[in-house]
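Given next are the chains, with one letter for each unit.
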Amino acid sequence: MSTPFIGRNDELNALGSLLAGARRQNLPVAALISGEPGSGKSRLLREATAAVDPRRRVHLAGFEPTQPVPLAAAGDLLRRLTTVPEHGSRLEGLVFGSADLRGQGVLPAFEAAHRAIGAFGPLVVAVDDLQWFDEQSLGLLHYLIRAAESNSHALAVVAATRPSAAEASLASAIDAIVPEARRARILLRGLPREAGVELALAIDDTLDRDGAEDLWRRAAGSPFWVEALAHGRGSTDGAQLVTDRLRALSADAVALLNALVVGARPFPRDQLAELTAWPAERVDHAAGELVTRGLALDASGSWQLAHDLIREAAAATIPPSNRQRLHERLAVLLDGWAGHDLHLLFEALDHGEAAGLPTAGLAGRILASPQRRLIGVEGLRRLASIADALPAGSASRLSLASEIGKLASVIGDQELALRQWVQLLEDDETPAARQHAATEAALAAFRLSRSSDAHGLLQRARDAAVPTAQAIARQEALQAEIALWLDHDAPGGSAAAGRALSAARTMVTGAGGLAELPEEGRRAYVAALEASIGAAMQEERFDDIRQLTQEILPVARTLDDEVYVAALLRSGFGLRPLGAVSEAGAAYREAWDIAHRAVLPYPMIDAGIGLARVLSDLGRLTEAHDIARETVDLEKRLGSPPGRWGNAVATLHLAQLSIGDPDGLAGLRRDARDHPNPHYRLSIRHEIALVLARLGPAEHQREIEAALAGARADAGLAGCPRCGGELMVASADILARLGRIDEAKRELAAWNARPIIDYPMRGLWRAAAEASIAQAEGDHQAAADIRNRLAADLHSAGLLDELVWVKLDAAATIRRMDRSLAVKEFTEAAALAEQIGAVGRSRLATRALRQLGVRSWRRGPRAATSDSLADLSEREREVAGLVAGGATNAEIAASLAISPKTVERHVTNIFAKVGARNRTELAVRLGGSGTGFPR
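First things first, this report covers the structure right here in the doc.

Rules used throughout
Residues numbered from 1 in each chain as written. Predicted model: local features only at pLDDT ≥ 70, side-chain atom pairs only at ≥ 80, totals over all residues. Heavy atoms only, no water. Helix = DSSP H or I, 4+ residues; strand = E, 2+ residues; numbered from the N terminus. Contact = heavy atoms within 4.5 Å. Areas by Shrake-Rupley, 256 points an atom, 1.4 Å probe, with all protein chains shown as cover. Lys, Arg positive; Asp, Glu negative; His and termini not counted. Charge placed at Lys NZ, Arg CZ, Asp CG, Glu CD. Phe/Tyr/Trp six-rings, centres within 6.5 Å; stacked < 30°, edge-to-face > 60°. Buried < 20%, exposed > 50% of the residue type's maximum accessible area, 1.4 Å probe, protein only. Pairing = 2+ DSSP bridges. 1 Å grid on protein atoms, 1.4 Å probe; cavity = no way out; pocket = protein on both sides within 12 Å on 5 of 7 lines; lining within 4 Å. Points joined across faces, edges and corners; volume = space filled by probe spheres on them. Nonpolar A, V, L, I, M, F, W, Y, C, P; charged D, E, K, R; others polar. Core = buried A, V, L, I, M, F, W, Y, C linked by side-chain atoms within 4.5 Å. Axes fitted to C-alpha atoms, helices over the stretch in contact; angles between N-to-C directions. Parallel < 35°, antiparallel > 145°, perpendicular 65-115°, else oblique. Left-handed = near helix turned anticlockwise from the far one by under 90°. Salt bridge = Lys/Arg side-chain N within 4 Å of Asp/Glu carboxyl O. Arc of directions from axis to C-beta.

Glancing now at the overall build of the protein chain. A tally of helices and strands in the protein chain yields 47 helices and eight strands. Over its C-alpha atoms, taken along the principal directions, the protein chain stretches across nearly 105 × 75 × 55 Å. When contacts within the protein chain are restricted to residue pairs at least 6 apart in sequence, those whose partners lie at least 24 apart make up 67%. When the accessible area of the protein chain is evaluated, it comes to approximately 37600 Å², of which 51% is carbon and sulfur surface. Charge-centre separation for the protein chain: the mean point of 106 positive side chains lies 5 Å from the mean point of 118 negative side chains.

Shown next as structure tokens:
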């Protein structure tokens, strides 16, 4: 007879209300049930989630022995999500298949799981024994809760746990992410007297009230012990009750119980049969005895202990020799069952260590598993301790250290990578191996921003052996990266990049062409090209960037997605600052699409940053804002710091500034204070100074001057000639607007005196500075003429965002000479600002027109012509097509892997641009437009 649920009604109602709210609001909720063993956490969890549709519920449980096993506790959730169309197959490949992503670790699996949940729909994840969750499973819960909150997914996480580090970690995450109204913390103590008495009487109807109260007192209110003592009928002590049950077992039941205790997780029938070497019928009989006595549970053909308290009591009765024999037997069997399965390999390792068996072979198999990228930092450090215990210089130690070093780099533990490669450098006597180890150690030091260590290790690499062309290419490429990005030494970085590229090209020639070059050679070639693009960008060598871009992409395409995306990003970040905006946009767009498809989270952030900036340049401000917002959401999910190419938050603030959102300027001020990279701080400060100088130089003079001073200091720290030069010419423009004409002329003269390198942005920057100087000197006609020519050049280049500012400046200049022409210019500026979504600048133009006596300039509502459809961005056209095809916002969000909020913004913008009042009108207009949209 099942035990009634008594005494937790308030807690049950609170959880029921929380889950109901999640269904009603379609928003994430989270609850944490904590208490000591036997307090009824698991039962409350089961009762709270029992009414949830099983198709919308996943039950997860942690087990102590599988705590070191990556993603062991989350296995059932991940398997459920692999059934989701489109996203599920990618998740399956990442977690259970053989897909190998360099440099991404477990994050692609986390992101793929998030996307799958978005497509799956409402989901309740019930978590039992959170205290035994492995590092990655706990990290996955954090990630999914954060992602659900930022993307408004209906995810409910209800976890039961003992007080533990895992509980504190998840509680902190929930409190930081989920609003108070959608979260709950429930601390279970002993049952109150009345509830305890009621439970005892419900189980044993022979008890009187005094006896039931005495039983409740002896159980200290614990529901587990109340139940156990009530079933025991006469037993006086909970622990003794379990011991009595164990003594009453048959020999077979004891043997099976011992196997379940040492294995400490559910075992299916066939595995128990192999472990005990019994026929299946004998296993069934012994398991049935355990279930009858309340010591084990039958869960769909798998058996497990009924409670941790039973396991703890039973563990004390197992003789040490029996325990060791079981560990040894489990280690051997799990090794045989495992294949490449990372979970089973780690379990085998646990039992092998407990049995005192050699484990280096198992460690090697784990490191060779196709799922090795899922190993977390703690798991990898555990493997490193196995390697460290082996004899110095032994083949097994060298092999393990090399694989650990590679994997540590992949999952981002650069400290461990550095330690392993330095150890190999000391232990390995082979010159080529020492050279490789020193180079890899230098790379880890570079990633840790330790310039001195990186230089020293690179020198040791050069001294270790006579370098091949491939080795020179790698070493000099790394030398260049250190000089460019850590030492801020552009000339030194450029020289090293040149040596790297020369060696790489020699290597290609020596191999008989690119097609004959082995993979590691092609990777070295790509590294040399990447460093060369970085150097050319800093030195403003525009033609070289274009040529290097054309050279790198065919090579990178022969490697994996991650290398190719990195090459696209390097190309985009090299091309855009010098004015090849459309080419940079194409590179960013391709990188964005591939990173989405392949689930490469960090490259997706860099691609989103670059793409949002290009779209802003081109006047596609709404799309730029949405891409930036989506990228910020991803950056928040990853918890990643700003990278080499900036960070998404600053990009979002720039996008907000462009559309006239006041939060943009306030955000940029915070970014200028907080951003750690001087390259990007100076560009942020430059933007602040320029926009304030355009809006009101007299009103904001003090802040403008402070921003310029900070930018100059950052330029000195960055040591980047391009950034320093751009700041010079921008300062000339800004200082002229402040009326500081002599200083502006000096800045412009200094910039003009720099080596002449022709590139698209050079003439545009010069023209902007010259126009502001001319206007400051009172030569309004010259200023107007320069700005008109500049406007034509910007229009030709498609740089519509800057074009709006120039048109406003030109109109303000002409206003002093010709009112009617100024009205025309302000009207055009207002129309362009409205067209691209620059709301703040549209207001500036409208205000100027009113001051000129023009009360209304706006056009009437537009019909949905082919021109109005052309106003849609690429993403808006995607969304519009899906809307016209009948898809809901939720379906569109799942299909495009964006949030429902982003879809809603797109739909609103589409309606405004094509003149549709609702989805039906949009379908009619698009269906008859000849644009290829579905009806």
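All right, on to the packing of aromatic side chains then. This structure, assessed with the given rule, holds four aromatic pairs. An angle of 80 degrees between the planes, with centres 4.8 Å apart, marks the rings of Phe224 and Trp225 as edge-to-face. By relative accessible area, which is 17% here, Phe224 ends up buried. Centroid distance Tyr759 to Trp765: 6.0 Å. Interplanar angle 75 degrees. Geometry classified as edge-to-face.

A few words now on unusual backbone geometry. One non-glycine residue, Ser152, lies in the positive phi region at around 55 degrees. With respect to the helices, strands and loops of the structure, Ser152 is situated in the loop between helix H6 (135-151) and strand E4 (155-161). Positive phi outside glycine occurs at His488, with the angle close to 55 degrees. Within the secondary structure, His488 sits in the loop between helix H24 (469-485) and helix H25 (490-511).

Now for the pairing of strand E8 (residues 302-305). The sheet contact formed by strand E6 (residues 267-268) and E8 spans two bridges and is antiparallel. When the bridges of E8 are listed, Pro268 appears paired with Ser302. Bridge analysis of strand E7 (residues 296-299) against E8 gives four bridges, and the strand direction is antiparallel. Looking at E8, one finds that Leu297 is bridged to Gln304. Hairpin connection, E7 to E8: the antiparallel pair is bridged by two residues, and Ser300 has positive phi, about 55 degrees.

Time to look at empty space enclosed by the protein. All chains considered together, the criterion is met by three cavities of 30 Å³ or more. In this structure, the second largest cavity encloses a volume near 40 Å³. Contributing to the lining of the second largest cavity are Arg694, Asp733, Arg737, Ala768, Arg787, Leu790, Glu802, Val806 and Asp809. Of all the secondary structure elements, the ones that give two or more residues to the lining of the second largest cavity are helix H36 (721-737), helix H39 (780-797) and helix H40 (800-814). When the residues that make up the lining of the second largest cavity are grouped by side-chain class, the tally is three nonpolar, no polar and six charged.

Let us now look at the environment of Ala392. You can see Ala392 is positioned in the loop between helix H19 (377-388) and helix H20 (395-411). Judged by relative accessible area, Ala392 falls into the exposed class, the value being 62%. On a C-alpha basis, the gap between Ala392 and Asp428 in space is 9.1 Å, while along the polypeptide they are 36 residues apart.

With that settled, the discussion passes to the nonpolar core. Counting 271 residues, the largest nonpolar core has Leu81, Leu130, Leu380 and Leu383 as the members making the most contacts within it. The residues touching Leu81, leaving out its near neighbours within four places in the chain, are Gly88, Leu91, Ala113, Ala116, Ile117, Phe120 and Leu123.

Moving on, we come to the environment of Val158. Mapped onto the elements of the fold, Val158 is located in strand E4. Those residues in contact with Val158 that lie beyond four places of it in its chain are Leu15, Leu19, Ala31, Ile33, Leu45, Val125, Ala126 and Val127.

Read from one edge of the open sheet, five strands run E2-E3-E4-E1-E5, paired in parallel fashion. The sheet is open, and its two edges are formed by strand E2 (57-61) and strand E5 (183-188), each paired on a single side. Pairs of neighbouring strands in the sheet enclose a mean axial angle of 10 degrees, with direction left out of account. Bridge count between strand E1 (residues 29-35) and E5: six bridges; the pairing is parallel. When the sheet's bridge partners are listed, Gly35 is paired in E5 with Leu188. Across the face of the sheet, H6 comes into contact with strand E3 (123-128) and E4 while running at roughly 145 degrees to E4.

Turning our eyes to something else, we now look at the packing of helix H5 (residues 107-120) against H6. Between two packed helices, both the angle of their axes relative to each other and the distance between the axes serve to describe the pair. Contact geometry of H5 with H6 gives a least axis separation of 10 Å together with a crossing angle of 45 degrees. For the element pair H5 / H6, the angle class is oblique. The interaxial crossing formed by H5 with H6 has right-handed handedness. Only Gln136, Gly139, Leu140, Tyr143, Leu144, Ala147 and Asn151 of H6 make contact with H5, whose side of the interface consists of Leu107, Phe110, Glu111, Ala113, His114 and Ile117. Residues belonging to the contact of H5 with H6 are distributed by class as follows: eight nonpolar, four polar and one charged.

For the rest of this paragraph, the subject is the pattern of salt bridges. What the rule picks out here adds up to 52 salt bridges. In this structure, Arg217 engages Glu213 in a salt bridge whose closest nitrogen and oxygen atoms are separated by 3.2 Å. On the criterion of helical spacing, the pair formed by Arg217 and Glu213 is a turn pair, its members being four residues apart in helix H9 (residues 209-218). Measuring nitrogen to oxygen at the nearest pair gives 2.8 Å for the salt bridge that ties Arg673 to Asp674. Taken together, the shared-partner salt bridges in this structure form one network comprising Arg193, Glu213 and Arg217.

Here we come to the environment of Ala497. Here Ala497 lies in helix H25. If near-sequence neighbours (up to four positions away) are discounted, Ala497 is found in contact with Glu476, Ala480, Ala531, Ser532 and Ala535.

The next point concerns the sheet that holds E8. Sheet strands pair via backbone hydrogen bonds, and the direction of the pair is either parallel or antiparallel. Pairing is antiparallel in the open sheet, where three strands are placed in the order E6-E8-E7. A strand with exactly one partner marks an edge of an open sheet, and here the two such strands are E6 and E7. Sheet strands in contact with helix H12 (residues 251-263) are E6 and E8, and its direction is about 80 degrees off that of E8.

Next up on the list: helix H18 (residues 360-368). Considered for burial, the residues of H18 that qualify are Leu362, Ala363, Ile366 and Leu367. Viewed along the axis of H18, the buried residues span an arc of 140 degrees, placing them on a single side of the element. Check the buried side of H18 and you find it contacts helix H16 (320-338), helix H17 (342-355), H19 and H20.

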